[in-house]
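Examining the three-dimensional arrangement
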Amino acid sequence: MNIKMPVLDKNFYPMIKALNDFETEVKKSGKENEVTLVVERSGGYNYVYTYNAFADGVNDELNFRIAERMAKTILWVVGGYKIYVSGSKAIYEYLKNAYTKQGIRAFDVEFMSGVYEKPFEVVWIEKEQIPKQKNNSVRVGGYLDGCRIGFDAGGSDRKVSAVVNGEVVYSEEVVWNPKVTEDPTYHYNEILTAMKTAASKMPTVDAIGVSSAGVYVDNKIMVASLFIKVDKSKYGDYVKNMYINVANEMSREYGKQIPLEVANDGDVTALAGAIDLNDNGVLGIAMGTSEAVGYINTNGGINGWLSELAFAPVDFNAGAMQDEWSGDFGVGCKYFSQDAVIKLAEAGGHKFADGLTPAQKLKEVQAMMDKGDKLATQIYQDIGVYLAHTIPFYAKFYDIKHMLLLGRVMGGKGGDIILATCKEVLAKEYPEFATLDIGLPDETNRRVGQSIAAASLPANN
């Protein structure tokens, strides 16, 4: 069967194809062994994944690579600080070495330890000790009663809206510079100013909702690029509890405890889509500086998952492009972001002038696209092919009814080509996904929708 692959990235080996090929080889060997990986996060919530591998000693190298890629994927989809392994002592030993501060997954160990504030560990369990999967679904958003503040913390501008019974009565966008500022009091004062501005447009404040890039646990800032320049030793409770402290200050001013809910901006984008579509099971993927993802489950809640798919593998090819931050190869941020556009342009022989930023390089390719340039067209087609082969892999973890594609890469004619190519390849290669609803949200609705969605996050007291 002639499977459609990217033209400019000849070695792309989709994860879904790697898994299917692995399954076929394992069956053929006649020496199968059931392996279970369990990833646990706070609250005892976990994700259980069972699959058939080669028996130990048959093809350990491939066994290890598949186990490592799947453990990595689950870790960045759901989040966690503990991996349990059952069924293969060899795979257990391999993962145990990989997930140490000296191992190949040192970045993941440090990141997850920071998020969950617990040491990372890989633990052996016998088959009878495998736990049942324990899911978490928290209803968020859709609460529109009363006077609400919706705050959206972007990297270049901060947006705030005053929302009264679902109607935006005031909205503003203010340019700010959180990513280059070392003093966290700057961030605090800017956020508080935005909140007070929105509050002044309403008779009272009944709830505060915040949409922000990063990882949040119980409204605490665990990891966020907005504070990238702040000295880690100054983080402490001041940065971690910043939104909580701002809400407490507002509560003191109004003489009542104002409910607060902080959510990852990807989840809020998906929530805005769910409100707009009046349906659930929404996966939102924003292709910009990196790949940002959010998900509203089929019950209309969030799973408490990280959904940091920028670090989840999509390409099994060992020689795939390396992500400078995590040090890993073939992960989402190099396939669904401006980096993907740049990578494919250079693979097609395009030379960028020295000293251009990634954003300027993206604009250059978009300008080429506007003129109908053949290479630019191929770049966007290839990203559409990437996406088509990645959706069935993501669907192993997410129950997807609707997909929203956002971000700068999806802008203009290029975005239309990505969407059309993705749908065409899905229909041909993965007919079970041919009817999946994939679309681009209307820009104006998205801006206002995002602020209403953020404001709707907390339930009233």
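Description of the structure in this document.

Cut-off values and rules
Residues numbered from 1 in each chain as written. Predicted model: local features only at pLDDT ≥ 70, side-chain atom pairs only at ≥ 80, totals over all residues. Heavy atoms only, no water. Helix = DSSP H or I, 4+ residues; strand = E, 2+ residues; numbered from the N terminus. Rg over C-alpha atoms; globule rule 2.2 N^0.38 Å. Buried < 20%, exposed > 50% of the residue type's maximum accessible area, 1.4 Å probe, protein only. Contact = heavy atoms within 4.5 Å. Areas by Shrake-Rupley, 256 points an atom, 1.4 Å probe, with all protein chains shown as cover. Phe/Tyr/Trp six-rings, centres within 6.5 Å; stacked < 30°, edge-to-face > 60°. Pairing = 2+ DSSP bridges. Axes fitted to C-alpha atoms, helices over the stretch in contact; angles between N-to-C directions. Disulfide = S-S within 2.5 Å. Parallel < 35°, antiparallel > 145°, perpendicular 65-115°, else oblique. Left-handed = near helix turned anticlockwise from the far one by under 90°. Nonpolar A, V, L, I, M, F, W, Y, C, P; charged D, E, K, R; others polar.

**Thoughts on the overall build of the chain**
Helix and strand counts for the chain stand at 13 helices and 17 strands. On C-alpha atoms alone, the chain measures out to a radius of gyration of 23 Å, which is about the 23 Å that the 2.2 N^0.38 rule sets for 461 residues. With the principal axes as the frame, the chain shows a C-alpha extent of 70 × 60 × 40 Å. Here the chain holds 461 residues, and the buried ones make up 55% of them. In the chain, 70% of the contacts between residues at least 6 apart in sequence involve partners at least 24 apart. Surface accessibility of the chain: about 19,600 Å² in total, with carbon and sulfur atoms responsible for 49%.

**Looking at the packing of aromatic side chains**
Geometrically, a pair of aromatic rings is defined through the distance of the ring centres and the angle of the planes. Counted by the stated rule, this structure contains 28 aromatic pairs. With centroids separated by 5.9 Å and ring planes inclined at 50°, the aromatic side chains of Y47 and F397 adopt a geometry described as tilted. Residue Y47 is found in strand 2 (residues 46-54), and its partner F397 is found in the loop between helix 11 (374-394) and strand 16 (402-406); the two are separated by 350 residues along the sequence. Of the two residues, Y47 and F397, both sit in the buried class. Arranged with centres 6.0 Å apart and planes meeting at 20°, the rings of W76 and F107 form a pair that is stacked. In this pair, W76 sits in helix 2 (residues 60-78) while F107 sits in helix 4 (residues 106-116), placing the two residues 31 residues apart along the sequence. You'll find W76 and F107 in the same group, each marked buried.

**Things to note about the sheet that holds strand 7 (residues 157-164)**
Judged by pairing direction, the sheet is mixed, and its five strands sit side by side in the order 8-7-6-9-12 without closing on themselves. With partners counted over all chains shown, the strands left at the sheet margins are strand 8 (167-175) and strand 12 (260-264), one partner each. Sheet twist, expressed as the average angle between the axes of neighbouring strands with direction ignored, equals 15°. With seven bridges joining them, strand 6 (residues 147-153) and strand 7 adopt antiparallel strand pairing. When the bridges of strand 7 are listed, D152 appears paired with K159. The sheet contacts of helix 8 (residues 265-277) involve strand 9 (207-212) and strand 12, and relative to strand 12 the element is tilted by about 95°.

**Structural notes on the state of the cysteines**
All chains considered together, the criterion is met by zero disulfides. Of all cysteine sulfurs, the one in C422 lies closest to C333, which takes part in no disulfide; the gap is 19 Å.

**What to know about the side chain of N219**
By the secondary structure assignment, N219 is in the loop between strand 10 (215-217) and strand 11 (220-223). Apart from residues lying up to four places away in sequence, N219 is in contact with K240, I244, L260, E261 and V262.

**Digging into the packing of helix 9 (residues 338-347) against helix 11**
The contact between helix 9 and helix 11 brings their axes to 10 Å, and the two run at 125°. Of the possible angle classes, the one that applies to helix 9 and helix 11 is oblique. Of the two possible hands of crossing, helix 9 and helix 11 adopt the one that is right-handed. Between helix 9 and helix 11, the residues in contact are A340, V341, K343, L344 and A345 and L375, I379, D382, I383 and Y386, respectively. For the contact of helix 9 with helix 11, the residue count by class is eight nonpolar, no polar and two charged.

**Let's talk about the packing of helix 9 against helix 10 (residues 358-370)**
In contact at an axis separation of 9 Å, helix 9 and helix 10 are set at 60° when each is read in the N-to-C sense. It follows from the interaxial angle that helix 9 and helix 10 lie oblique. By crossing handedness, the relation of helix 9 to helix 10 is classed as left-handed. The residues of helix 10 that touch helix 9, namely those facing Q338, V341, I342, A345 and E346, are P358, A359, K361, L362 and V365.

Treat this as a map of the structure, not an account of what it does.
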